[in-house]
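Understanding the architecture of this molecule
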Amino acid sequence: MDSLLTSIQVIGPVLLQLSLGWLLRTLRWIKDDTTSNLNDLIFRFFLPVLLFNNIREMDLTMGLSGMLPLTMGIALTAVFLVSYLLFPLIEKDPRKEGVMVQAMFRTSFSIVGIPLLSHMYGEKGTAAATMVLPVLIVLNNVYAVLSLSRHSGKRISIRRMLLHMITNPLIVSSAVGLLFLWLKIQLPQPIHVGLKQVGGITSPLALIVLGASLRWQGIRDNQKQLIQTLVIRQAIIPAIMFIAACLLHYTKESMAVMLVTFGCPVAIGAYPMAVAMGGDGQLAAGQVVLTTIGSMFSFLFLFWIGMALGLL
């Protein structure tokens with residue numbers, strides 16, 4: 001019972017903030033163009049500030065494994081490769097196939113994952129999330145393009161892909177944060193405090209905007225694909241990663257990173273990218289909605305099991 005209550009305490013704030021965003025949009029206090037603008041602002045400014053703060057202040061004596069980013073990169077690559085080979089056998093509509101592949105690995109870790117890990121382990125959880133985030137950002141972008149371009153008829157530009165990655169605000173902020181950490185640069189106190197306050201806004205704002213951005217479009221016409229997404233994405237993949245982490249004797253923080261990474265809902269950015277690459281945008285929108293709802297229940301179950309077994 002204690003582990004169940006603890007799991008609810010971890011999931012509760014995230015679910016509340018998502019619900020608040022949905023309620024504010026329902027009351028029309030947040031308009032459609034507002035969510036679009038806020039999503040762009042969060043990606044370009046608030047998340048980079050949060051990531052910069054986390055990296056430059058990272059405590060290297062916390063005992064986190066330096067192999068964690070590599071391990072997560074290998075796991076994400078494995079999920080992509082299996083999905084890339086499997087879904088052509090399952091889904092015959094090429095516009096839906098790439099969207100299904102993208103949904104298997106592209107998660108909203110930066111929006112949902114960081115708050116969850118922070119609630120679970122405080123600064124150590126935030127540091128663990130920060131370590132793996134740059135790797136996830138790079139691989140998610142590369143694999144998303146590969147997934148959606150297979151049947152789009154659009155030629156992949158390696159130069160454009162590399163340019164897009166190195167100018168990604170999250171990658172830039174990570175690099176600057178690492179530079180500050182390596183050179184042990186200390187910011188003046190007023191700037192330090194100001195940036196910390198701005199970074200503190202990020203997680204609740206991002207979750208509220210995510211809740212306000214959820215749309216029910218495309219669910220009725222893609223029931224089969226959405227059921228497949230939910231079962232594989234929110235049950236099978238997290239369960240496999242849970243078992244793998246147990247076999248590798250992960251620490252509690254590393255175990256949590258593994259579960260949160262592959263248990264997070266489909267990233268909201270999957271929808272505009274699917275549309276831009278000629279994929280089924282309605283399906284992508286439905287995946288974001290249902291996995292966001294489904295992830296709250298799957299997280300609750302996984303955290304409860306993990307805590308009951310003393311693994312989290």
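Since this is a predicted model, take the numbers as computed values, not measurements. (Residues numbered from 1 in each chain as written. Predicted model: local features only at pLDDT ≥ 70, side-chain atom pairs only at ≥ 80, totals over all residues. Heavy atoms only, no water.)

1. Regarding the side chain of serine 203
- Here serine 203 shows up in helix α8 (residues 189-213).
- Under the relative-accessibility criterion, serine 203 is labelled buried at 18%.
- Sequence-distant contacts of serine 203, defined by excluding residues within four places in its chain, comprise Gln17, Leu50, Ile114 and Pro115. (Helix = DSSP H or I, 4+ residues; strand = E, 2+ residues; numbered from the N terminus. Buried < 20%, exposed > 50% of the residue type's maximum accessible area, 1.4 Å probe, protein only. Contact = heavy atoms within 4.5 Å.)

2. Section: the environment of leucine 86
- With respect to the element layout, leucine 86 can be found in helix α3 (residues 68-90).
- Put simply, leucine 86 and valine 231 are 145 residues apart on the chain and 15 Å apart in space, counted from C-alpha to C-alpha.

3. Details of the packing of aromatic side chains
- Under the defined criterion, the tally for this structure stands at 8 aromatic pairs.
- Taking the centre distance of 5.2 Å and the plane angle of 75° together, the rings of phenylalanine 45 and phenylalanine 46 count as edge-to-face.
- Measuring from ring centre to ring centre gives 6.0 Å for phenylalanine 105 and tyrosine 143, while their planes differ by 90°; the resulting arrangement is edge-to-face. On the criterion of sequence distance, the pair formed by phenylalanine 105 in helix α4 (residues 94-105) and tyrosine 143 in helix α5 (residues 109-149) is long-range, its members being 38 residues apart. (Phe/Tyr/Trp six-rings, centres within 6.5 Å; stacked < 30°, edge-to-face > 60°.)

4. Notes on the nonpolar core
- Counting 88 residues, the largest nonpolar core has Phe109, Val112, Leu116, Phe262, Phe299, Phe303 and Leu312 as its most contacted members.
- If you tally residues by element for this core, the top one is α5, at 22 residues.
- Leaving out residues up to four positions away in the same chain, phenylalanine 299 has contacts with Ile11, Val112, Leu116, Leu259, Val260, Gly263 and Cys264. (Core = buried A, V, L, I, M, F, W, Y, C linked by side-chain atoms within 4.5 Å.)

5. Side note on helix α10 (residues 252-263)
- For α10, built from 12 residues, the straight-helix expectation of 16 Å at 1.5 Å per residue is met to within 8% by its first-to-last C-alpha distance of 16 Å.
- Burial analysis of α10 places 11 of its 12 residues in the buried class, which makes it a mostly covered element.
- If you follow the buried residues of α10, they end up packed against α3, α5, α9 (223-247) and α12 (281-308). (Expected span 1.5 Å × (residues − 1).)

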